[in-house]
Amino acid sequence: MTAPKPAPPALPRRGFLTRLSLGLSAIAAAVVALPAAAFVLRGMFRRVPQQWRDLAPLAQFTIGDTVQIRFESAHADEWARESAHAGAWLRRVDADHFVAFSMHCTHMGCPVRWQAEASLFMCPCHGGVFHSDGSVAAGPPLRPLVRYPVRIRADRVEIGTAPIPMG
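Residues numbered from 1 in each chain as written. Predicted model: local features only at pLDDT ≥ 70, side-chain atom pairs only at ≥ 80, totals over all residues. Heavy atoms only, no water.

S.K.: Any chance you could explain the sheet that holds strand S8 (residues 136-138) here in plain terms?
M.R.: Strand pairing in a sheet is mediated by backbone hydrogen bonds. Such pairs are either parallel or antiparallel. The antiparallel open sheet is built from four strands, whose spatial order is S5-S6-S7-S8. In the strand order of this sheet, the two ends are held by strand S5 (113-115) and S8, each with one partner. Direction aside, the axes of adjacent strands within the sheet are offset by 35° on average. For strand S6 (residues 120-122) and strand S7 (residues 129-131), the ladder comprises three bridges, and the chain directions are antiparallel. Across the sheet, Met122 pairs through a bridge with Val129, a residue of S7. (Pairing = 2+ DSSP bridges. Helix = DSSP H or I, 4+ residues; strand = E, 2+ residues; numbered from the N terminus. Axes fitted to C-alpha atoms, helices over the stretch in contact; angles between N-to-C directions.)

S.K.: In this structure, what is going on with the packing of aromatic side chains? I would like to understand it.
M.R.: Aromatic ring pairs are defined here through the distance separating the ring centres and the angle between the ring planes. Here the structure, examined in full by the defined rule, presents five aromatic pairs. Their ring planes at 80° and their centres at 5.6 Å tell us that Phe61 and Phe98 sit as a pair that is edge-to-face. You can see Phe61 sitting in the loop between strand S1 (51-57) and strand S2 (66-72) and its partner Phe98 sitting in strand S4 (residues 97-102), a full 37 residues away along the chain. For the pair formed by Phe61 and Phe98, the shared burial category is buried. Three or more aromatic residues joined by ring pairs make a cluster, and in this case those are Trp89, Phe101, Trp114 and Phe121. Against the face of Trp114 rests Arg91, its NZ or CZ located 5.2 Å from the ring centre. (Phe/Tyr/Trp six-rings, centres within 6.5 Å; stacked < 30°, edge-to-face > 60°. Buried < 20%, exposed > 50% of the residue type's maximum accessible area, 1.4 Å probe, protein only. Lys NZ or Arg CZ within 6 Å of the ring centre and 35° of its normal.)

S.K.: Even after reading the chapter, I still don't get the pattern of salt bridges, so can you show me in this structure?
M.R.: A side chain with one charge can pair with a side chain of the opposite charge if their charged atoms come near. Within the structure shown, the criterion is met by two salt bridges. For Glu158, the salt bridge identified is with Arg151, shortest N-O distance 2.6 Å. On the basis of relative accessible area, Arg151 is assigned to the partly exposed category, the value being 25%. (Salt bridge = Lys/Arg side-chain N within 4 Å of Asp/Glu carboxyl O.)

S.K.: Looking at this structure, how should I read unusual backbone geometry?
M.R.: Excluding glycine, most residues fall at negative phi; most peptide bonds, likewise, are trans. Unlike most non-glycine residues, Ser119 shows phi in positive territory, near 55°. Topologically, Ser119 is positioned in the loop between S5 and S6.

S.K.: What's the story with the pairing of strand S11 (residues 156-161) in this structure? I'm lost.
M.R.: Two faces, one strand: in a regular strand the side chains alternate between the faces of the sheet. By the criterion of burial, S11 is predominantly enclosed, with five of the six residues buried. Note that S1 and S11 share six bridges and pair antiparallel. In the sheet register, Asp54 faces S11, and the bridge partner there is Glu158. The hairpin turn running from strand S10 (residues 150-153) into S11, its antiparallel successor, is two residues long, and Ala154 in that turn takes a positive phi close to 55°.

S.K.: Can you walk me through the environment of Gly160 in this structure?
M.R.: Looking at where Gly160 falls in the secondary structure, it is placed in strand S11. Gly160 sits in the buried class, given a relative accessible area of 2%. Put simply, Gly160 and Pro149 are 11 residues apart on the chain and 5.2 Å apart in space, counted from C-alpha to C-alpha. Every residue in contact with Gly160, bar those within four places of it in the chain, is listed here: Gln50, Gln51, Trp52, Tyr148 and Pro149. (Contact = heavy atoms within 4.5 Å.)

S.K.: Any chance you could explain the state of the cysteines here in plain terms?
M.R.: By definition, a disulfide is the covalent link that joins the sulfur atoms of two cysteine residues. Under the defined criterion, the tally for this structure stands at one disulfide. Paired through a disulfide, Cys110 and Cys125 show a sulfur-sulfur distance of 2.1 Å. Taking the torsion about the sulfur-sulfur bond, which here is approximately -105°, the covalent link between Cys110 and Cys125 counts as left-handed. Separated by 15 residues along the polypeptide, Cys110 in the loop between S4 and S5 and Cys125 in the loop between S6 and S7 bring together distant segments of the chain. The class for Cys110 is buried, based on a relative accessible area of 13%. (Disulfide = S-S within 2.5 Å.)

S.K.: Honestly, the nonpolar core in this entry has me stumped. Any pointers?
M.R.: Soluble globular proteins: nonpolar side chains tend toward being buried together. One finds Leu55, Phe61, Ile69, Phe71, Leu90, Val157 and Ile159 to be the most contacted residues of the largest nonpolar core, which totals 14 residues. Looking at this core, the elements with two or more residues in it are S1, S2, strand S3 (85-94), S4 and S11. Of the residues forming this core, the biggest block, three residues, is contributed by S3. Residues in contact with Ile69, not counting those within four places in the same chain, are Leu55, Phe61, Ala86, Gly87, Ala88, Leu90 and Ile159. (Core = buried A, V, L, I, M, F, W, Y, C linked by side-chain atoms within 4.5 Å.)

Structural measurements only, silent on function.
Next comes the structure, spelled out in structure tokens:
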């Protein structure tokens, strides 16, 4: 006759409470961390589609001039129930071509100003300077000004809007 197997040792009270508190702590951490992680990941992968915004008739812009324009921003929030506006610098290069630059410096996002006499974009915050083609001329910015796509449709100038990446 074989001897019966001994029963496994009972989990001591201290071990049970340790496992219980570790399990409850893990559940509490997940409850706190999952919404935060979802918020961060949603922002990383959320794409705001580009929309074309009408600016003005083609004849309103003079060849060689750089002017400040205003348009409805792609950052407008649905919950705000108001549209936000953004600005850009628009230059008519020739009869059929335009170039548009963001008004925001790529260093810290300060608004840049166009200095026509020097043909430079100047950032007043940290001394950033950009050439007329948007490339960096001097100062702390490492990247050129962000460009917007521009098109002409039915003798009207349109700008393609999308969120501006900031450094």
